[in-house]
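Architecture at a glance
The chain contents come next:
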Amino acid sequence: MNENITKFDYENIIYYILYLRDRNPKKDWGHIFWWTTVFSYYSSQYTERNFWKYEVFLNSIDLSEDLFLQMIKEWYIWWYERKYLDKYNFEWDYLYNFIYAISYDKYDKNNYYFRFSEMIDVIWYKYLLKSHSQKQDYLFTNIALSSYYFHNKNYDLSYKFYLYSLKLDSNNPYILYKLAMLYTSIWWFNNIINAEKIIKKVVGIIPSSPFIYEWYWYILNLLWKYNEALYFLEKYEKLTDWKHRTFEPFMRKSESYIWLGDFIKARIELNKINDYYFWEWYRFFYNEIDNKLKKLWY
């Protein structure tokens, strides 16, 4: 091990990679709070300016005397392909097992994200458990497990790991946001109220993030606060400035207008389907709103 690099530095090098890859400019869509960015994190403790020294490690340090750092760099350069971890024997290490769990089986230059929760099967899940058993207080493994359980609808365990993750990083907006989404998945009115309180806190931490406002008005729709929801949509539209827009927010906007009885504006929003990126998994929600509007108007 290089004497100038501590285990804490290894953690931060991996943190830097997670942080950097989530902001890959080649991505057409997605952002830190999207489902596909489960393993890219945002902490109130760091900004990109804090990471300059880890970029130096990755780009200029002599790796010949540090196999672990050499492994991390190879893994990073070659798009998180698992075979670059298989070359080394670090199975005793919690960081090794964590990155092994989120890696891909083969090279794909379009892998702008790490392997996300719904793609992790039982085999790779075991590596997360192994990493957690080796170090219970490693933030990223706790977040990864909470997200894995969330997507597998094991809400009790997901809640447990989110709470522990917040114990480790109480103002992490990513964790807070995901906890709010967990509350909305457990359909009780008090849970939706709790979700609203949490999202308000996230807005206070990162008020310039447009995507927080998108989910804020989703929760407000659930609470029947439709006018307030439309107010936050306006903030979303201003902050995105027509960039990285998908059709989902405008479906939510149409839904708000339906409940307010303004069917003309609801139809105008649905007619924007070709103006924004439309993932096919929007189809069910789109059809649901469209059918509701047809029954009420046309």
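Refer to the structure presented above.
1. Some points on the overall build of the protein
- Secondary structure summary: the protein contains 15 helices and 0 strands in total.
- Residues classed as buried in the protein amount to 56% of the 298 residues present.
- Surface exposure of the protein reaches about 14,600 Å², of which carbon and sulfur atoms provide 54%.

2. Considerations on the nonpolar core
- In this structure, Ile 17, Met 71 and Phe 98 are the most contacted members of the largest nonpolar core, which totals 78 residues.
- Grouped together as the second largest cluster of nonpolar side chains are 17 residues, Phe 250, Tyr 286, Ile 289 and Leu 293 included.

3. A closer look at unusual backbone geometry
- Positioned with a positive phi, Trp 79 is a non-glycine residue whose angle comes to about 60°.
- By relative accessible area, Trp 79 is classed as buried at 12%.
- Although it is not a glycine, Tyr 80 adopts a positive phi angle of roughly 60°.
- With respect to the secondary-structure elements, Tyr 80 resides in the loop between α3 (67-77) and α4 (83-86).

4. A few points about the packing of helix α7 (residues 139-151) against helix α8 (residues 155-168)
- In the contact formed by α7 and α8, the axes pass within 8 Å of each other and the chain directions differ by 155°. It follows from the interaxial angle that α7 and α8 lie roughly antiparallel. By crossing handedness, the relation of α7 to α8 is classed as left-handed. In contact with Leu 139, Asn 142, Ile 143, Leu 145, Ser 146, Ser 147, Tyr 149 and Phe 150 of α7, α8 contributes Tyr 155, Leu 157, Ser 158, Phe 161, Tyr 162, Tyr 164, Ser 165 and Leu 168.

5. A closer look at the environment of Tyr 127
- With respect to the helices and strands, the residue Tyr 127 is situated in helix α6 (residues 122-134).
- Taking the C-alpha atoms as reference, Tyr 127 lies 7.0 Å from Tyr 100; in sequence the two are 27 residues apart.

6. Details of the packing of aromatic side chains
- Using the criterion set out here, one finds 37 aromatic pairs in the structure.
- Relative to Tyr 96, the ring of Phe 90 has its centre 6.4 Å away and its plane inclined at 55°; by these criteria the two rings are tilted.
- By relative accessible area, which is 11% here, Phe 90 ends up buried.
- An angle of 50° between the planes, with centres 6.2 Å apart, marks the rings of Phe 247 and Tyr 286 as tilted. In this pair, Phe 247 is assigned in the loop between α12 (226-240) and α13 (248-259) and Tyr 286 in helix α15 (residues 283-296), connecting sequence segments 39 residues apart. Summarising the burial analysis for this pair, Phe 247 and Tyr 286 share the class buried.
- Through a chain of ring-to-ring contacts, three or more aromatic side chains come together here, namely Tyr 10, Phe 68, Tyr 88, Phe 90, Trp 92, Tyr 96, Tyr 100, Trp 124 and Tyr 127.
- The lysine or arginine in question, Arg 82, covers the ring of Trp 124, its NZ or CZ lying 3.5 Å from the ring centre.
- Across from the ring centre of Tyr 298, 5.2 Å away, lies the NZ or CZ of Arg 267, which sits over that ring.

7. A closer look at a nonpolar patch on the surface
- Together, Ile 264, Ile 268, Leu 296, Trp 297 and Tyr 298 line one region of the surface with nonpolar side chains, adding up to about 510 Å² of accessible area.
- On the accessibility criterion, Trp 297 (38% relative accessible area) is partly exposed.

8. Side note on α15
- Taking 1.5 Å as the rise per residue, α15 with 14 residues should run 20 Å; its terminal C-alpha atoms sit 20 Å apart, in good agreement.
- Those residues of α15 lying buried are Phe 285, Tyr 286, Ile 289, Asp 290 and Leu 293. Projected onto a plane normal to the axis of α15, the buried residues spread over an arc of 130° and lie on a single side. Counted as exposed and oriented over 90 degrees from the buried face of α15: Phe 284 and Lys 295.

9. Quick notes on the packing of α12 against α13
- Running from N to C, α12 and α13 point in directions that differ by 155°, and their axes come no closer than 9 Å. Taken together, the axis directions place α12 and α13 in an arrangement best described as roughly antiparallel. In this structure, α12 crosses over α13, and the sense of that crossing is left-handed. Where α12 abuts α13, its residues Tyr 226, Ala 229, Leu 230, Leu 233, Tyr 236 and Glu 237 lie against Pro 249, Phe 250, Lys 253, Ser 256, Tyr 257 and Trp 259.
- The residue inventory of the contact of α12 with α13, partitioned by class, reads 9 nonpolar, 1 polar and 2 charged.

Definitions and cut-offs
Each chain has its residues counted from 1, running along the sequence as written. Since the coordinates come from a predicted model, pLDDT governs what is reported: local features require at least 70, and pairs of side-chain atoms require 80 or more to be given and counted, while whole-chain, interface and lining totals use all residues. Calculation of side-chain values draws on the structure's entire complement of heavy atoms; hydrogens and water are dropped beforehand. Secondary structure counts use DSSP, requiring at least four H or I residues in a row for a helix and at least two E residues in a row for a strand, with both numbered from the N terminus. Exposure is judged per residue with a 1.4 Å probe applied to protein chains only, and the accessible area is read against the type maximum: over 50% gives exposed, under 20% gives buried, and values in between give partly exposed. Computed with a 1.4 Å probe, the accessible areas rest on the Shrake-Rupley method; for each residue, only the protein chains presented here act as cover. Note on terminology: a nonpolar core comprises buried Ala, Val, Leu, Ile, Met, Phe, Trp, Tyr and Cys residues joined through side-chain atoms within 4.5 Å. Every axis in this analysis is a line fitted to C-alpha atoms, fitted for helices over the stretch in contact. Angles between the N-to-C directions lie between 0 and 180 degrees. For classification, angles of less than 35 degrees are called roughly parallel, those exceeding 145 degrees roughly antiparallel, those between 65 and 115 degrees roughly perpendicular, and all remaining angles oblique. The hand of a helix crossing depends on one turn: near helix anticlockwise from the far one by less than a right angle means left-handed, and clockwise means right-handed. Contact between two residues is taken to exist if any of their heavy atoms lie within 4.5 Å; hydrogens are not considered. Note on ring pairs: Phe, Tyr and Trp rings are taken, using the six-membered ring of Trp, and paired if centres are within 6.5 Å. Classes follow the plane angle, with under 30 degrees stacked, over 60 edge-to-face and the rest tilted. Criterion for a charge above a ring: Arg CZ or Lys NZ at most 6 Å from the ring centre, at most 35 degrees from the ring normal. Patch definition: residues with relative accessible area over 30% and no salt bridge; like charges joined within 9 Å; nonpolar side chains (Val, Leu, Ile, Met, Phe, Trp, Tyr) joined within 5 Å. The term salt bridge refers to a side-chain nitrogen of Lys or Arg lying within 4 Å of a carboxyl oxygen of Asp or Glu. The span expected for a helix works out to 1.5 Å for each residue beyond the first. In this context, the arc is that of the directions from the helix axis out to the C-beta atoms. All amino acids are sorted into three groups, where Ala, Val, Leu, Ile, Met, Phe, Trp, Tyr, Cys and Pro are nonpolar, Asp, Glu, Lys and Arg are charged, and the leftover types, Gly among them, are polar.

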